[in-house]
Amino acid sequence: MADRPFSGLFITGTDTGVGKTVVTAGIASVLREAGVDIGVWKPVQSGARAYDEGSDAMHLRSWSGVPDTCEEIAPLCFEAPLAPFLAAEAEGKSLTMEEVIACGRPLMERYPALLVEGAGGLIVPLTPTETMADLAARLNLPMLIVARAGLGTINHTLLSVWYARELGIEVAGVILNQNNSAGVIDESVKTNASMIESYGGVPVWGVLPWIDQPLGRQRLTQLIHECVDIGQLCQWSHKQKEGETRK
């Protein structure tokens with residue numbers, strides 16, 4: 001486990017490119033506007049350096065409104081667009097779980113709560129012997145799963161829910177993200193949320209629409225308010241505060 005217990009959420013996806021960064025930053029922005037002292041942490045980023053334009057770290061910083069630098073948000077970055085283990089290996093490095101956690105300690109000490117965004121899906125290789133799921137388990141945070149809203153998402157989402165629970169990770173909820181053009185008709189979007197809730201026994205917090213315009217913090221915060229069940233978010237936040245009080 002991390003040296004210092006802290007509250008928060010571990011945000012994973014059913015795949016890469018499903019919208020984890022959008023969801024992580026959006027939730028952080030909403031909570032920060034509500035007065036919650038929460039930070040964002042991307043333990044490992046591959047495919048870009050922290051300060052690169054359009055990187056996850058850059059978006060997390062600008063969309064969430066945190067004051068931290070991109071390098072603080074994403075302390076371990078590698079240029080190759082590969083799984084973290086392979087991206088690090090391409091630069092002659094080998095990650096360890098202890099190193100990954102140690103790089104997040106400054107943010108753990110700075111904030112009482114963190115939103116931790118994983119890389120890719122739940123079982124993406126992180127070290128020679130461990131995956132992103134192992135990091136989530138070590139941090140001992142409840143998990144929010146971000147998934148595509150369309151066809152195929154029931155299978156991918158339920159598998160992620162099942163595996164997380166096998167590792168003893170509490171799955172707090174699911175958010176579906178429409179990452180295909182709004183012009184594409186997908187009838188499954190109408191029923192996928194209810195199917196995931198029914199078969200997975202997990203609440204779907206909301207469905208985000210396809211966004212075909214430049215996204216800024218104000219627009220993203222508005223979308224979270226409009227499309228995500230803020231009651232679920234507040235319930236989770238209150239639960240975290242109660243847990244922190246008991247520590």
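Looking at an unreviewed UniProt entry, one finds the protein named ATP-dependent dethiobiotin synthetase BioD, with Brevibacillus formosus as its source organism. Quoted verbatim from the Pathway (unreviewed entry) field of UniProt, the annotation for the protein is "Cofactor biosynthesis; biotin biosynthesis; biotin from 7,8-diaminononanoate: step 1/2."

A. Spatial organisation of the overall build of the protein. What the protein contains, in helices and strands, is ten helices and eight strands. Relative to the compact-globule value of 18 Å for 247 residues, the protein shows a C-alpha radius of gyration of 17 Å, a close match. Taking the principal axes of the C-alpha coordinates as reference, the protein spans close to 45 × 40 × 40 Å. With 247 residues in all, the protein has 49% of them scored as buried. Of all intrachain contacts in the protein linking residues separated by at least 6 positions in sequence, the fraction that spans at least 24 positions is 78%. When the accessible surface of the protein is split by element, carbon and sulfur atoms take 53% of a total near 11,000 Å². A distance of 4 Å separates the average location of the 19 positive side-chain charges in the protein from that of its 29 negative side-chain charges.

B. Molecular detail of the nonpolar core. Ranked by internal contacts, the top residues of the largest apolar core, which has 73 residues, are Phe10, Leu115, Leu135, Leu139, Trp205 and Trp236. Per element, the largest residue contribution to this core is seven residues, and it comes from helix α1 (residues 20-33). In this structure, Leu135 is in contact with Phe10, Pro43, Met97, Val100, Ile101 and Leu126, ignoring residues within four places of it in sequence.

C. Inspection of the pairing of strand β8 (residues 204-208) at higher detail. Counted residue by residue, β8 has four buried out of five residues, so it is predominantly covered. Relative to β8, strand β7 (residues 171-177) is paired through four bridges, and the arrangement is parallel. Paired with Val174 across the bridge in β8 is Val204.

D. Local environment of the environment of Leu158. When you line up the elements, Leu158 lands in helix α7 (residues 153-166). Through-space distance from the C-alpha of Leu158 to that of Arg138 is 22 Å; in sequence the pair is 20 residues apart. Among all residues touching Leu158, those that are not within four sequence positions of it are Ile196, Tyr199 and Gly200.

E. Region of interest: the pattern of salt bridges. Tallied over the full model, the rule gives nine salt bridges. With its nearest N and O atoms 2.9 Å apart, the salt bridge here joins Glu117 to Lys42. In this pair, Glu117 is assigned in strand β5 (residues 113-121) and Lys42 in the loop between β2 (38-41) and β3 (44-46), connecting sequence segments 75 residues apart. Exposure class is identical for Glu117 and Lys42. Each is buried. Glu187 is the salt-bridge partner of Lys190, the closest N and O atoms lying 2.9 Å from each other.

F. Expanded view of the packing of aromatic side chains. Under the defined criterion, the tally for this structure stands at one aromatic pair. Ring centres 6.2 Å apart and planes at 50° place the aromatic pair Trp162 and Tyr163 in the tilted group.

G. Layout of the packing of α1 against helix α9 (residues 217-227). With their axes 9 Å apart at the nearest point, α1 and α9 run at an angle of 85° to one another. Of the possible angle classes, the one that applies to α1 and α9 is roughly perpendicular. Between α1 and α9, the residues in contact are Val22, Ala25, Gly26, Ile27, Ser29, Val30, Arg32 and Glu33 and Arg217, Leu220, Thr221, Ile224 and His225, respectively.

H. Layout of the UniProt feature "binding site: substrate" (unreviewed entry) in the protein. In the numbering adopted here, UniProt assigns the feature "binding site: substrate" (unreviewed entry) to Ser46. A relative accessible area of 25% places Ser46 in the partly exposed class. Setting aside chain neighbours within four positions, we find Ser46 in contact with Phe78, Ala80, Leu82, Pro84 and Ala87. Within the structure, Ser46 has its side chain in polar contact with the backbone oxygen of Leu82 (distance 2.7 Å).

Parameters at a glance
Residues numbered from 1 in each chain as written. Predicted model: local features only at pLDDT ≥ 70, side-chain atom pairs only at ≥ 80, totals over all residues. Heavy atoms only, no water. UniProt positions renumbered as here; feature names shortened; annotations may be inferred. Helix = DSSP H or I, 4+ residues; strand = E, 2+ residues; numbered from the N terminus. Rg over C-alpha atoms; globule rule 2.2 N^0.38 Å. Buried < 20%, exposed > 50% of the residue type's maximum accessible area, 1.4 Å probe, protein only. Contact = heavy atoms within 4.5 Å. Areas by Shrake-Rupley, 256 points an atom, 1.4 Å probe, with all protein chains shown as cover. Lys, Arg positive; Asp, Glu negative; His and termini not counted. Charge placed at Lys NZ, Arg CZ, Asp CG, Glu CD. Core = buried A, V, L, I, M, F, W, Y, C linked by side-chain atoms within 4.5 Å. Pairing = 2+ DSSP bridges. Salt bridge = Lys/Arg side-chain N within 4 Å of Asp/Glu carboxyl O. Phe/Tyr/Trp six-rings, centres within 6.5 Å; stacked < 30°, edge-to-face > 60°. Axes fitted to C-alpha atoms, helices over the stretch in contact; angles between N-to-C directions. Parallel < 35°, antiparallel > 145°, perpendicular 65-115°, else oblique. Polar contact = N/O pair within 3.5 Å; in protein donor to acceptor, adjacent residues only side chain to side chain.

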